[in-house]
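# Descriptive structure summary
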Amino acid sequence: MREYYDVVIMGGGPAGSTLGALLAQRTGLRTAIFDKEVFPRQHIGESFAHPVVPVLQESGALAKVLASPCWVKKFGGVYAWDPKQPSVALFDQAPFERDGVRRWTMHVDRAEFDHILLDHAADVGVEVFQGVAVTAYEPGSPGGLVRLSDGTAVRAGYFVDASGRQSTVSNARNKRGWLSHFKNIAIWQHFTNGGQTQNLDEDWNIFTEDNLSPIGCFAFRDGWCWYIPVPKVVDGRRVLTHSVGIVTNPAVLKEPGRDFTDQETFLATVRQVPYLKDLITDAVPIADGMLTATNYSRVSEEFSDYDERHLLVGDAAFFVDPLFSSGVAVALTQASAAALLLQKTTDGSLSEIDQRHLWKDYNDKWHGTAETFALMIDQWYHAIAKNNPGSVYWNTRGTGADLGIREQTFDALLNTAFQPALLEVMTHGSRKVEDLDAAGPYLAATALAEPADLTDDAVVALAAGTAVRDSVTLLVPGFKATHPPANVQLPPAVLEGMTEYWRNPLTHSDAAPSPLRTTVPCRRIYSEDDPHGTTIDADVRRDGVDELWELLKSGPVKYGEIAGRLSPAQIRLVKRMCVGGFLRVTPADATA
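Notes on the structure follow. In this text the structure is predicted, and so the values were computed from the model without any measurement.

We now examine the nonpolar core. Buried together is how nonpolar side chains tend to be arranged in soluble globular proteins. Within the largest apolar cluster, 75 residues are counted, with the highest numbers of intra-cluster contacts made by Leu19, Trp81, Trp224, Val313, Phe318 and Tyr362. Considering every element that reaches this core, the biggest residue donor is helix α10 (residues 352–386), with 14 residues. In this structure, Trp104, Met106, Tyr275 and Ala283 belong to the second largest nonpolar core, which totals 57 residues.

Written as structure tokens, this is what we have:
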């Protein structure tokens, strides 16, 4: 163990090990990972969304995972919330319908998967210390002090917390709040002798014909169940088990006959759930008792601190409801962003002010991503609650989140669109936002993000001190080779590259460049009175910022006189400037 590392990462799970591997291969930074546990160790979260594959390919770990027996290929999901009309979707279904190339990801045994990723980090040059807990981080110069459980300490140029939802080190310095009103508990165990979700004999089952494995998610009175194929070693031999879990409200467990932590009660319950009951008729648990995990949908107050050289990655930063298996995909992608951030902070290519803005971009954009994704999940729960009017559980879901919606959340709502996979299943394939319930939390929040005073008769003018300069930013969330929201139009060559990539991510790895391989140039709108404060980064080509700036800098103008000349991207930028305080709006009645 050295006395000093350029980067110390607390936590060797998927986020920490991926960050370490990327840093080791792309920079000269001396990097160490400390984890309190010795791998392999069990962990929740066995089914992934498809952005996992490109990040594993970027880190170099994909080939090692694919060579192992710990995974099953996954092509999408079955979401049976309404037994009369289950929602089903392949990953990136719209592009698949165009090019016929299936996107995929994995169901995994997390103990083996996480161990492969941590070993890979060590293989490429990260110094890995298992069974050594970090107990405190004390910022300082030249490098903060990282205290370890054995009483020793090392200095770190930068400290990254990738230790998960229960991080005591970051929680001591950083408030954590809820992303939603509801608080869940997950209860699960692994079973043998289960059927395959793709073999459910139903007209809606698009996975049957080609034997494509999906995740199964099934609603019932007190919550919802997952059904995930997981290869495990049981009694010394490899078998295909199924992870069967219930997600519910902890209060439900106190009701008579609903303590799902009791294995008999759990089994009696899941054997009555529509569709799931047909898969687990002969299922046998591999162990006595049930496993549990709590505290879903949490978010830390700050994800980064430039002066303290402190970063949060993965579940230590935020964790949203596991409904769409997004946790590991988001954590790995955030690790990619953190690797780029640390690379650009240390390679001498950026001025200090650009470094500070990049760190603030990391914080603000990932907060916006976390909060808008949580609102999308709440929108889904809101729709389910309408179909379950007699359920106490479902009618406490999706009632809206008191996020104290912050500026970055408004910015994310204005500058992104509904996540494509969610839109696919929530609209049963119509892919139209207007088919969602306008009273749901996501659309209600989107409506709040619209500047109320921005009418055609209102007068708009740049706020005093508003300026623009050249800068760089991060593309967040920056999922590689995945279908973007509808308001992002990609060139045909980029779409063709994504198709080629998914033909074989190992051999066609360069067909779709990673959005987080390097920073991207932008125009940064800021206040000369507070150059380190709130800013807006605008893409020169996509957002039309230069043309908009010319229109606005000539002086006050009625919004209606310019609105017809603006592209949708420029209109979004106008709204972002209103929310950020860079554009002064004088309502029509105030100018009369």
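We now examine a negative patch on the surface. Taken together, the side chains of Asp201, Glu202, Asp203 and Asp278 present a region of like negative charge at the surface. Tracing the sequence through the fold places aspartate 203 in the loop between β12 (185–192) and β13 (214–220).

Look at helix α1 (residues 14–26) against helix α5 (residues 110–123): their axes get within 8 Å of each other, and the N-to-C directions meet at 25°. What the angle tells us is that α1 and α5 run roughly parallel. Where α1 crosses over α5, the handedness of that crossing is left-handed. Contacts between α1 and α5 involve Pro14, Ser17, Thr18, Ala21 and Gln25 from the former and Arg110, Phe113, Asp114, Leu117, Leu118, His120 and Ala121 from the latter. Residues that form the contact of α1 with α5 fall into these classes: six nonpolar, four polar and two charged.

Further remarks concern the pattern of salt bridges. Applying the stated criterion to the full structure yields 28 salt bridges. In this structure, the salt-bridge partner of arginine 238 is glutamate 112, at a minimum N-O distance of 2.7 Å. Taken as a pair, arginine 238 in strand β15 (residues 237–248) and glutamate 112 in helix α5 lie far apart in primary sequence, 126 residues in all. On the basis of relative accessible area, arginine 238 is assigned to the partly exposed category, the value being 33%. Residue lysine 344 is joined to aspartate 347 by a salt bridge in which the shortest nitrogen-to-oxygen separation is 3.9 Å.

It is worth spelling out the sheet that holds strand β27 (residues 583–586) at this point. Taken in spatial order, the three strands line up as β26-β22-β27 in an open sheet, and their pairing is antiparallel. Taken across any chain shown, the strands that pair with only one partner, and hence form the sheet edges, are β26 (557–558) and β27. Looking at chain direction, strand β22 (residues 459–462) and β26 are connected through two bridges and run antiparallel. Bridge assignment links valine 459 to a residue of β26, and that residue is lysine 558.

When you tally the buried positions in helix α2 (residues 52–59), you get seven out of eight residues, the bulk of the element. Listed in full, the buried residues belonging to α2 are Val52, Val53, Pro54, Val55, Leu56, Gln57 and Ser59. On its buried face, α2 is in contact with α1, α3 (62–66), β6 (105–108), α5, α9 (327–346) and α14 (492–503). A positive backbone phi angle near 90° is found at glycine 60, which sits one or two residues after α2.

What follows is about the packing of aromatic side chains. Summed over the entire model, instances satisfying the criterion amount to 16 aromatic pairs. Their ring planes at 10° and their centres at 6.3 Å tell us that phenylalanine 191 and phenylalanine 266 sit as a pair that is stacked. Note that phenylalanine 191 is positioned in strand β12 and phenylalanine 266 in helix α7 (residues 263–270), a separation of 75 residues in sequence. Where tyrosine 501 meets tryptophan 502, the ring centres are 5.5 Å apart and the plane angle is 85°; that geometry is what we call edge-to-face. Sitting above the plane of the tryptophan 104 ring, lysine 73 keeps its charged end 4.6 Å from the centroid. Just above the ring of phenylalanine 319 sits the side chain of arginine 165; from NZ or CZ to the centre is 4.8 Å.

Here we come to the sheet that holds strand β23 (residues 466–473). Pairing in this open sheet of three strands is antiparallel, and the strands run β23-β24-β25 from one edge to the other. A strand with exactly one partner marks an edge of an open sheet, and here the two such strands are β23 and β25 (536–538). Averaged over all pairs of adjacent strands, the angle between their axes in this sheet comes to 35°, without regard to strand direction. Judged from the three bridges that link them, strand β24 (residues 520–527) and β25 form a sheet pairing that is antiparallel. Residue pairing for β25: arginine 523 is matched across the bridge by alanine 538. Where helix α18 (residues 568–580) meets the sheet, it contacts β24 and β25, and its direction lies at approximately 165° from that of β25.

Okay, the pairing of strand β5 (residues 87–90) next. Covered by surrounding structure in β5 are Ser87 and Ala89 together with Val88 and Leu90, the residues of both alternating faces. With four bridges joining them, strand β4 (residues 76–80) and β5 adopt antiparallel strand pairing. Bridge pairing links valine 78 to valine 88 in β5. Here β4 hands over to β5 after six residues, the two strands then running antiparallel side by side.

Tracing the chain through its elements places serine 68 in the loop between α3 and β3 (71–74). Of note is the side chain of serine 68, whose polar atom sits 2.7 Å from the backbone oxygen of valine 65.

The rules behind each value
All chains use their own residue numbering, which begins from 1 and follows the written sequence. Whole-chain, interface and lining totals are the exception, using all residues; otherwise, since this is a predicted model, local features are given only for residues with pLDDT of at least 70 and side-chain atom pairs are given and counted only at 80 or more. Here the side-chain values reflect all heavy atoms present in the structure, with hydrogen atoms and water set aside. We call a set of buried residues a nonpolar core when its members are Ala, Val, Leu, Ile, Met, Phe, Trp, Tyr or Cys and they connect through side-chain atoms within 4.5 Å of each other. Remark: exposure states derive from per-residue accessible area (1.4 Å probe, protein chains only) relative to the maximum for the residue type, with buried under 20%, exposed over 50%, and partly exposed in between. Every helix listed is a DSSP run of H or I at least four residues long, and every strand listed is a run of E at least two residues long, numbered separately from the N terminus. The patch calculation keeps residues exceeding 30% relative accessible area without a salt bridge and links them within 9 Å when they carry like charges or within 5 Å when they are nonpolar (Val, Leu, Ile, Met, Phe, Trp, Tyr). What sets the accessible areas is the Shrake-Rupley method with a 1.4 Å probe; for residues, cover comes only from the shown protein chains. Note on definitions: salt bridges are taken to be side-chain nitrogens of Lys or Arg within 4 Å of carboxyl oxygens of Asp or Glu. Residues scored as charged are limited to Lys and Arg (positive) and Asp and Glu (negative), so that His and the chain ends carry no count. The atoms used to mark charge sites are NZ of Lys, CZ of Arg, CG of Asp and CD of Glu. A fitted line through C-alpha atoms serves as each axis, taken over the contacting stretch for helices, and the angle formed by two N-to-C directions is quoted from 0 to 180°. By definition in this entry, angles of less than 35 degrees are roughly parallel, angles greater than 145 are roughly antiparallel, angles of 65 to 115 are roughly perpendicular, and the rest are oblique. Each crossing gets its handedness from the near helix: less than a right angle anticlockwise from the far helix is left-handed, clockwise is right-handed. Note on contacts: a residue pair is in contact if any heavy atoms of the two residues lie within 4.5 Å. Throughout this entry, Asp, Glu, Lys and Arg are counted as charged residues, while Ala, Val, Leu, Ile, Met, Phe, Trp, Tyr, Cys and Pro are counted as nonpolar. The remaining residues, Gly among them, count as polar. Should DSSP find at least two bridges between two strands, the strands are taken to pair. Pairing of aromatic rings covers Phe, Tyr and Trp, the last counted by its six-membered ring, and requires centre-to-centre distances within 6.5 Å; plane angles under 30 degrees mean stacked, over 60 mean edge-to-face, and any other angle means tilted. In this analysis the charged atom, NZ for Lys or CZ for Arg, is taken to sit over a ring once it is within 6 Å of the ring centre and within 35 degrees of the ring normal. The definition of a polar contact used here is a pair of N or O atoms within 3.5 Å, where within protein one atom must be able to donate a hydrogen and the other to accept one, and adjacent residues in sequence count solely through side-chain atom pairs.

As far as function goes, none of this settles anything; it's purely spatial.
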